[in-house]
Amino acid sequence: MKIISIQNNLGIPKYRQIISSIEKAIEDEKLKKDERLPSINKVCLEFSLSRDTVLQAYEELKKRGIIYAILGKGYYVKSTEIRIKQRIFLLFDELNIFKEDLYNSFLENIGKNVQVDIFFHHFNLPVFKKLINDSNGNYTKYIIMPTNLVGAASIIKTLPVNEVYILDQTNWELETFPAVFQNHEKDIYDALLKGKNKLFKYKKLILIFPGFREPLGMKEGFDKFCIDFSIECEIITDFANQEIKTGEVYIIPNDRDLVFVIEKSKLQNLKLGKDFGIISYNESPLKKVVENGITTISTDFRAMGKIMAAMILDGKRNQIENKCSLIMRNSL
């Protein structure tokens with residue numbers, strides 16, 4: 001039974017003709033799940049093709065999840081779902097309400113006939129490495145959140161270079177890869193600058209910065225703002241056992257610390273927005289109503305997902321800085 005058909009002078013690359021032939025064979029049920037494809041050598045000899053041409057076709061089908069390889073035996077049909085044109089490996093650091101918005105926006109904008117598999121590394125380098133190693137060669141695109149993991153760049157560079165995209169955070173080691181990212185140093189500086197008239201009414205700025213998950217640029221932008229405007233400031237790694245003093249403003253990247261600060265203020269009978277201030281990171285519906293409104297510094301996570309989807313669909317390889325804004329509310 002003939003599976004593959006190649007014609008000359010069609011204007012269609014030979015590897016694309018191989019892919020189309022196999023897709024049609026699956027559609028016509030000439031090839032069924034777990035059935036073996038013609039060997040690479042057989043196709044090469046029959047159609048006078050280079051091994052690279054046949055391998056390129058088989059590898060693309062493998063990345064789309066349509067076929068799989070058994071070392072020393074050949075290629076077999078893995079799935080009869082030939083409508084899937086792209087399989088995307090999406091590696092997040094963690095799932096929270098902000099990343100959920102990003103993920104949903106990406107799915108809404110990536111279009112049909114695309115399979116997106118999402119994974120989480122939870123800021124754990126060995127997990128990060130294993131997930132990338134296990135996925136290598138099995139997807140058409142790889143979207144990675146490297147966060148601030150030391151050594152992440154060298155692991156990412158083991159993936160096919162033209163199929164990798166960086167999301168949310170990037171650095172100089174990854175500057176050759178297309179990305180949609182936050183510029184944390186610039187974002188916090190610009191946000192504080194926008195709110196400086198209110199901030200100048202307070203005595204001291206305090207950044208709660210544990211330093212494990214938080215981007216280093218956030219700390220650097222905070223330091224720069226305080227130096228440039230001669231504002232008394234402090235960076236603390238933990239709010240536990242901290243007493244809030246009148247005239248302080250807390251800048252809080254982590255929502256767990258946000259809860260701790262609000263709880264402590266109630267124990268001390270301090271009024272938020274009057275006795276002390278809060279600027280939280282990352283907008284959420286809840287922050288619009290908690291304590292009559294929490295001021296936030298936030299990027300637009302839905303825009304980030306939309307931009308990344310458009311970049312992949314258009315085949316572009318840009319580095320795009322996602323917009324960030326200060327949303328003023330009664331906590332400041």
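Everything that follows concerns the structure shown earlier in this document.
Values in this document were obtained by computation on a predicted structure and should not be read as measured data. (Residues numbered from 1 in each chain as written. Predicted model: local features only at pLDDT ≥ 70, side-chain atom pairs only at ≥ 80, totals over all residues. Heavy atoms only, no water.)

S.K.: Just to check I follow, could you spell out helix α5 (residues 125-135) for this structure?
M.R.: In an α-helix there are 3.6 residues to a turn, and that puts residues three or four apart on one side. For α5, every residue scored as buried is listed here: Phe128, Leu131, Ile132 and Ser135. Angular distribution of buried residues about the axis of α5 spans 95°; they occupy a single face of the element. Projecting away from the buried face of α5 at angles above 90 degrees are the exposed residues Pro126 and Lys130. Structurally, α5 contributes buried residues whose contacts are with β3 (86-92), β4 (114-120), β5 (141-144) and α6 (152-156). Put simply, asparagine 124 is the residue that caps the front of α5, since its side-chain oxygen is 3.2 Å from the backbone nitrogen of valine 127. The positive-phi residue at the C-terminal boundary of α5 is glycine 137, with phi of around 90°. (Buried < 20%, exposed > 50% of the residue type's maximum accessible area, 1.4 Å probe, protein only. Helix = DSSP H or I, 4+ residues; strand = E, 2+ residues; numbered from the N terminus. Arc of directions from axis to C-beta. Contact = heavy atoms within 4.5 Å. Polar contact = N/O pair within 3.5 Å; in protein donor to acceptor, adjacent residues only side chain to side chain.)

S.K.: Help me out: how do you make sense of unusual backbone geometry in this one?
M.R.: Among all residues except glycine, the phi angle is most often negative; among peptide bonds, the trans geometry is most common. The backbone of glutamate 29 sits at a positive phi, close to 65°, despite the residue not being glycine. Here glutamate 29 lies in the loop between α1 (14-27) and α2 (40-47). Backbone geometry places asparagine 269, a non-glycine residue, at a positive phi of 55°. The residue asparagine 269 is located in the loop between α10 (255-267) and β11 (277-281) in this model.

S.K.: Would you mind showing me how to read the pattern of salt bridges here?
M.R.: Opposite charge on two side chains makes pairing possible when the charged atoms of those side chains draw close. All chains considered together, the criterion is met by 21 salt bridges. Linking aspartate 28 and lysine 24 is a salt bridge whose minimum nitrogen-to-oxygen distance equals 2.6 Å. Lysine 224 is the partner of aspartate 228 in a salt bridge, and the nearest nitrogen-oxygen pair spans 3.0 Å. Within this pair, aspartate 228 and its partner lysine 224 are both found in helix α9 (residues 216-228), separated by 4 residues, close to a single helical turn. (Salt bridge = Lys/Arg side-chain N within 4 Å of Asp/Glu carboxyl O.)

S.K.: What's the story with the packing of helix α4 (residues 97-109) against helix α11 (residues 301-314) in this structure? I'm lost.
M.R.: The description of two helices packed together rests on the angle between their axes and the distance between the axes. α11 packs onto α4 with a crossing angle of 35° between their chain directions and a minimal axis gap of 7 Å. Relative to α11, α4 is oriented so that their crossing is right-handed. Two secondary-structure elements touch here, α4 through Phe98, Lys99, Asp101, Leu102, Asn104, Ser105, Phe106, Glu108 and Asn109 and α11 through Phe301, Arg302, Met304, Gly305, Lys306, Met308, Ala309, Ile312 and Leu313. Here the contact of α4 with α11 is built from residues that sort into 9 nonpolar, 4 polar and 5 charged. (Axes fitted to C-alpha atoms, helices over the stretch in contact; angles between N-to-C directions. Left-handed = near helix turned anticlockwise from the far one by under 90°. Nonpolar A, V, L, I, M, F, W, Y, C, P; charged D, E, K, R; others polar.)

S.K.: Help me understand the state of the cysteines in this model?
M.R.: Here a disulfide denotes one covalent bond, and it connects the sulfur atoms of two cysteines. Per the counting criterion, the structure on display carries 0 disulfides. Cysteine cysteine 324 remains unbridged, with the sulfur of cysteine 226 as its closest cysteine sulfur at 17 Å. Look at cysteine 324 and you get partly exposed, because its relative accessible area is 27%. (Disulfide = S-S within 2.5 Å.)

S.K.: Is there a simple way to explain α1 in this structure?
M.R.: Across its 14 residues, α1 extends 20 Å between first and last C-alpha, which sits within 8% of the 20 Å expected from 1.5 Å per residue. The complete set of buried residues in α1 reads Tyr15, Gln17, Ile18, Ile19, Ser21, Ile22, Glu23, Ala25 and Ile26. Check the buried side of α1 and you find it contacts α2, α3 (51-63) and β2 (74-77). Directly beyond the C-terminal end of α1, a positive phi value near 65° is found at glutamate 29. (Expected span 1.5 Å × (residues − 1).)

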